[in-house]
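Working through the structure, step by step
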Amino acid sequence: MATRLWPIAFPNGYNETMDRNIITALNLAPFEKGWVWLVGAGPGDPGLITALGLMAIAQADFILYDALVDERLLGLARKGAGLIFAGKRAGVTSCRQSDISSLLIDLARKGSRVLRLKGGDPFVFGRGGEEAGVLAKARVPFRIVPGITAGIGGLAYAGIPVTHRDTNHAVTFITGHGADGKLPKLNWQAIGKGSETLVFYMARKFAGEIAAALISAGRKPDEPAAVIANAARQDQSVTVTTLGGLGEAAAALPALSILVVGENVRLREQLDWLGKMAGALNPA
Ligand code: SAH
């Protein structure tokens, strides 16, 4: 794990007035020494972080961040904070989970405020539960600060409501990537019948197989589907297709993508606010 010095956004000292006002107005919990906070940074756009998350970045002594965290958020760290890359990416040499957990414990036991910053929500396909479990076992005090998960925030940035009374009353979040790197052994019959909308994480590689399994489970090949790549980022791209075309559409887009299957995808036609208001993501 490499410690990296990040260009701090406020080299002459961070002006904390705004933070202090927010902390007081919202009565935010204090980030105590010796604690670990597991914080979700949201899916891309750094503006999607919570007030607690922002405060934690400004106050942390150490920030262990993963590959999906926007660098501009790290620029808000205080002068002298230790910024440690603890990322994992499929196909790239990555930090061992046990190393990350032991570092969290060591730093907290030395009396630091330790921030574990993850993309999206730490408890949604993010191993936050495993890290928190190790902390609990070691009796290191910790707090979970949820973030906006890609399967909700990514859809919002694509103009696809996760639920809508006209299209779906249920939604299922599914990972396409098992611990062994293969498609998890799921009950596709049950998944296909279980809810009208299905949202897949880490599923690009197996998009074709997933679509075939759903079609065998009775879903229609012409059902609407979408691939949302680099959601809520400057280079977001969305392809609307059908379940039958999902494999091909996913292969054509970058790896960081969410797959959606269901009638709610059609609503994008009307609700693609980002596409209709060019530049809305990060105005110049
Ligand atoms: N904890 C994260 C998920 C981590 S798993 C969360 O709650 O969002 C990593 C997977 O999340 C990626 O393979 C991809 O499927 C999805 N993902 C995360 N950020 C994304 C983004 N900005 N755009 C598209 N997919 C994203």
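See the structure shown above.
Note that this is a predicted model, so its numbers are computed, not measured.

What follows concerns the overall build of the chain. Helix and strand counts for the chain stand at eleven helices and eleven strands. Burial analysis of the chain (284 residues in total) assigns 49% to the buried set. Sequence separation of 24 or more characterises 69% of the internal contacts of the chain that already satisfy a separation of 6 or more. On the chain, roughly 13,900 Å² of surface is accessible, and the fraction owed to carbon and sulfur atoms is 56%.

Another aspect to go through is the pattern of salt bridges. Inspection of the entire model under this criterion finds nine salt bridges. For E223, the salt bridge is made with R219, and the minimal N-O distance between the two is 2.6 Å. Its relative accessible area of 11% is what places E223 among the buried residues. Between R266 and E263 there is a salt bridge, and its shortest N-O distance comes to 2.7 Å.

On to the site of the ligand. The local shell around the ligand holds 19 residues, among which P43, V124, T149, A231 and S257 are the closest. At a separation of 3.2 Å, a nitrogen atom of the ligand approaches a polar backbone atom of G119. A distance of 2.9 Å is found between an oxygen atom of the ligand and a backbone nitrogen or oxygen belonging to A150. The protein chains hide 92% of the 540 Å² of surface that the ligand would expose on its own. Considering only residue class, the shell around the ligand consists of eleven nonpolar, six polar and two charged. When residues are assigned to domains, the shell around the ligand turns out to be shared by domain 1 (16–148) and domain 2 (151–273), each giving three or more.

Turning next to the pairing of strand β11 (residues 257–261). Within β11, five of the five residues are buried, which leaves it mostly tucked inside the rest of the structure. Both faces of β11 are covered, namely the face carrying S257, L259 and V261 and the face carrying I258 and V260. Here three bridges tie strand β8 (residues 197–201) to β11, and the two strands are oriented antiparallel to one another. Paired with L198 across the strands is V261, a residue of β11.

This brings us to the sheet that holds strand β7 (residues 171–175). Strand order in this open sheet of five strands is β7-β8-β11-β9-β10, and the pairing throughout is mixed. Every other strand in the sheet has two partners, leaving β7 and β10 (237–242) as the edge strands with one partner each. Pairs of neighbouring strands in the sheet enclose a mean axial angle of 20 degrees, with direction left out of account.

Residue placement: I215 occurs in helix α8 (residues 207–216). On the accessibility criterion, I215 (30% relative accessible area) is partly exposed. When the C-alpha atoms of I215 and Q189 are compared, they prove to be 9.5 Å apart, with 26 residues separating the residues in sequence. When neighbours within four sequence positions are excluded, I215 is seen to be in contact with P221, L243 and G244.

The topology assignment puts V227 in strand β9 (residues 224–229). Note: C-alpha distance between V227 and S257 (30 residues apart in sequence) is 6.5 Å. Leaving out residues up to four positions away in the same chain, V227 has contacts with S237, V238, T239, L246, A249, A250, L253, S257, I258 and L259.

What follows covers helix α5 (residues 128–137). When α5 is considered as a whole, its buried residues turn out to be G128, E131, A132 and L135. Along the axis of α5, the buried residues cluster in a sector spanning 95 degrees; they form a single face. Buried residues in α5 make contact with β2 (36–40), α4 (97–109), β5 (114–118) and β6 (142–145). Two residues or fewer past α5, R139 is found with a positive phi of approximately 60 degrees.

Before going further, it helps to examine the packing of α4 against α5. Where α4 meets α5, the closest approach of the two axes is 10 Å, and the angle between their N-to-C directions is 45 degrees. Overall, the two elements α4 and α5 adopt an arrangement that is oblique. With respect to the hand of their crossing, α4 and α5 are arranged in right-handed fashion. Taking contact as the criterion, the partners of Q97, I100, S101, L104 and I105 in α4 are, on α5, E130, E131, V134 and L135.

Calculation rules
- Residues numbered from 1 in each chain as written.
- Predicted model: local features only at pLDDT ≥ 70, side-chain atom pairs only at ≥ 80, totals over all residues.
- Heavy atoms only, no water.
- Helix = DSSP H or I, 4+ residues; strand = E, 2+ residues; numbered from the N terminus.
- Buried < 20%, exposed > 50% of the residue type's maximum accessible area, 1.4 Å probe, protein only.
- Contact = heavy atoms within 4.5 Å.
- Areas by Shrake-Rupley, 256 points an atom, 1.4 Å probe, with all protein chains shown as cover.
- Salt bridge = Lys/Arg side-chain N within 4 Å of Asp/Glu carboxyl O.
- Near = heavy atom within 4 Å.
- Polar contact = N/O pair within 3.5 Å; in protein donor to acceptor, adjacent residues only side chain to side chain.
- Nonpolar A, V, L, I, M, F, W, Y, C, P; charged D, E, K, R; others polar.
- Domains from an automatic or database assignment.
- Pairing = 2+ DSSP bridges.
- Axes fitted to C-alpha atoms, helices over the stretch in contact; angles between N-to-C directions.
- Arc of directions from axis to C-beta.
- Parallel < 35°, antiparallel > 145°, perpendicular 65-115°, else oblique.
- Left-handed = near helix turned anticlockwise from the far one by under 90°.

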